[in-house]
Amino acid sequence: MPQLSVLLPLTGLFFLLSSVLGSEVNVPYPVTCTTRGADLTQDTVVVLCPPQCTQWRTSVFGTGVYAAVSSICGAAVHRGILGPAGGPVRVHRLQGRHNYISSYAHGIHSQALSHWTASFSLTKPINLPQELTSETSTTALPAAARPVKKLLKKPSVKKALAGGNKDCQMDIAMVIDSSSNIGQRRFNLQKNFIAKLAAMLRVGPIGPHIGLIQASDSPRTEFLLTNYTQPKELLFAIKELAYLGGDSNTGKAIMHTAETFFSQENGGRRGHPRVMMVLIDGWPSDDLDQAAMLARESGINVFLVSVAKPAPEELSMVRDKDFMKKAVCKDNGFFSYPIPSWFSTTKHIRPLTQRLCSLDGLLCSKTCYNSVNIGFLIDGSSSVGDGNFQLVLEFLAGIARSFEVSDVGAHIGAVQFTYEQRLEFGLSDYSNKDDAINALRRISYMSGGTSTGSAISYTTQNLFRRTGPGRNFLIVVTDGQSYDDVRGPAMAAHKQGMCENNKSKLHKAQFSKSFLS
């Protein structure tokens with residue numbers, strides 16, 4: 001019997017259907033670039049990928065056979081079945097397996113995965129309906145020979161959990177202890193604790209995103225912020241974590257996390273607060289100072305959860321007894337969370353969740369106020385006068401009052417100048433706000449000429465000589481013109497790092513006598 005065909009309208013398009021032989025028609029089901037194999041419920045289905053999925057950050061795990069948590073369209077590009085224009089692809093659901101292999105192909109870098117509960121493979125679809133134009137010729141069937149129109153059932157797709165906890169839209173890096181100090185048993189208790197914490201946080205596309213790093217001899221990133229944005233997948237990934245052993249090099253892990261983990265390339269979201277929750281069993285093996293400083297400068301809110309603090313007889317083995325104060329965003333009690341034992345963590349899940357999601361409490365998101373060095377360069381020339389000089393000191397005390405002055409927060413120093421310069425106090429002389437403000441108010445008036453350029457050079461060479469680039473602010477207060485060149489010293493100050501990363505600037509506030517009087 002010859003094969004006949006019929007032109008049938010379907011949602012405004014015309015499809016050529018094989019009619020007499022009754023072959024099954026596969027209508028591609030439209031998906032997005034981020035639709036995963038786990039979202040499909042049929043064993044075999046043809047999906048239609050949109051164009052330009054290579055421009056999305058899609059998560060792909062495996063090579064040839066992909067973990068079900070992978071993006072279907074991303075895996076199809078990796079497999080070479082799709083190009084930038086998108087198109088149809090056939091998805092075959094498979095059983096879970098171990099050891100998904102990492103590889104790079106067609107612009108997509110797939111990741112390795114030790115185990116997942118389901119998989120899929122991909123092939124090019126065959127005998128798909130062809131899209132026709134209205135000019136296509138057809139042979140009409142007699143009415144009696146026309147086949148009964150069969151309703152096409154769309155493949156069912158699991159409805160993605162809408163969003164997650166919209167009141168906690170944080171990017172959270174969990175740094176967990178995987179050292180020999182914690183041991184396998186307590187490591188498993190730690191996994192149970194962070195799994196319950198993750199469930200309470202309620203991850204989702206518009207909720208919190210969670211990534212995880214293990215601290216050991218060297219830090220190891222287990223998964224990034226965008227790898228698991230559904231609770232079930234995240235909990236399974238936590239369950240599959242393997243214990244490493246080694247030293248408790250928490251400082252290395254904090255540094256590693258602060259340097260790259262929150263970048264947009266690794267899934268960090270612009271405008272979302274950055275939170276790092278660090279768990280330590282006992283005490284760290286290395287120093288935390290420099291790593292914590294980098295985290296604060298980068299706007300990362302570091303919480304330290306210390307479980308089973310050192311016993312009195314163990315304190316002699318602790319390198320830095322103030323490691324908790326130095327590691328956190330701010331030493332105010334909010335960012336430090338001690339827990340007596342791994343066997344009593346359940347009751348701490350809700351209060352810790354509330355802290356991690358407290359937007360108003362995340363002080364380190366306000367990067368201007370964290371780990372900055374503020375130098376006041378004060379004009380003490382005769383044209384200012386003693387009365388106006390006191391007004392200037394009050395003005396600067398008001399600025400200082402806005403910052404959190406501490407060993408791990410802002411630092412304040414002051415230089416007074418005429419033709420000569422005098423270092424009034426250095427950046428490390430006062431570690432609390434009240435002492436720094438009182439020191440400002442005690443500065444005695446010098447009187448003399450005005451050499452602002454020389455004063456800028458002196459201050460950059462003396463007040464800021466031991467600080468790193470990118471966090472130095474010099475506020476120059478003067479009442480008028482300088483007798484020497486200012487542009488050259490100002491440019492030299494910028495070249496020391498102030499302009500290279502746009503974090504630090506040279507400010508000049510000019511006060512006229514009429515303003516001050």
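Now for a quick tour of the structure.

Here is what the cut-offs are and how they apply
Residues numbered from 1 in each chain as written. Predicted model: local features only at pLDDT ≥ 70, side-chain atom pairs only at ≥ 80, totals over all residues. Heavy atoms only, no water. Helix = DSSP H or I, 4+ residues; strand = E, 2+ residues; numbered from the N terminus. Contact = heavy atoms within 4.5 Å. Areas by Shrake-Rupley, 256 points an atom, 1.4 Å probe, with all protein chains shown as cover. Polar contact = N/O pair within 3.5 Å; in protein donor to acceptor, adjacent residues only side chain to side chain. Disulfide = S-S within 2.5 Å. Buried < 20%, exposed > 50% of the residue type's maximum accessible area, 1.4 Å probe, protein only. Arc of directions from axis to C-beta. Pairing = 2+ DSSP bridges.

Considerations on the overall build of the protein chain
Here comes step 1: Looking only at helices and strands, one finds 12 helices and 22 strands in the protein chain.
Here comes step 2: Taking the intrachain contacts of the protein chain between residues at least 6 apart in sequence as the baseline, contacts between residues at least 24 apart amount to 78%.
Here comes step 3: Just so you have it, the protein chain exposes about 25400 Å², and 52% of that area is on carbon and sulfur atoms.

Let's talk about the side chain of His209
Here comes step 1: Tracing the sequence through the fold places His209 in strand S13 (residues 209-215).
Here comes step 2: A polar contact is formed between the side chain of His209 and the side chain of Arg269, at a distance of 3.5 Å.
Here comes step 3: Leave out the neighbours within four places in its chain, and His209 touches Met170, Asp171, Ile172, Gly204, Leu225, Thr226, Thr229 and Arg269.

Some thoughts on the state of the cysteines
Here comes step 1: Counting across every chain of the model gives 4 disulfides.
Here comes step 2: Residue Cys49 pairs covalently with Cys73 via a disulfide, S to S 2.1 Å. One quick way to see it: the torsion about the S-S bond of Cys49 and Cys73 is about -95°, and its sign makes the bridge left-handed. Of this pair, Cys49 sits in strand S4 (residues 44-49) while Cys73 sits in helix H1 (residues 72-79), and the two are 24 residues apart along the sequence.

Some remarks on helix H10 (residues 452-462)
Here comes step 1: Turning to H10, its buried residues number three or more, namely Thr452, Gly453, Ala455, Ile456, Thr459 and Thr460. End-on view of H10: buried residues confined to an arc of 160°, all on one side of the axis.

Focus on the sheet that holds strand S3 (residues 29-30)
Here comes step 1: Strand order in the open sheet made by the 6 strands is S3-S4-S7-S10-S6-S5, with mixed pairing throughout. Of all strands in the sheet, those bounded by a partner on one side alone are S3 and strand S5 (62-63).
Here comes step 2: Where strand S6 (residues 65-67) and strand S10 (residues 113-123) come together, 2 bridges link them in antiparallel fashion. The partner of Ala67 across the bridge, within S10, is Ser119.

Describing unusual backbone geometry
Here comes step 1: In this structure, Gln52 takes a positive phi of about 65° despite not being glycine.
Here comes step 2: Its place among the elements puts Gln52 in the loop between S4 and S5.
Here comes step 3: Here Gln52 falls in the partly exposed class, since its relative accessible area comes to 34%.
Here comes step 4: Phi at Asn99 takes a positive value of approximately 60°, unusual for a residue other than glycine.
Here comes step 5: Its place among the elements puts Asn99 in strand S7 (residues 87-100).

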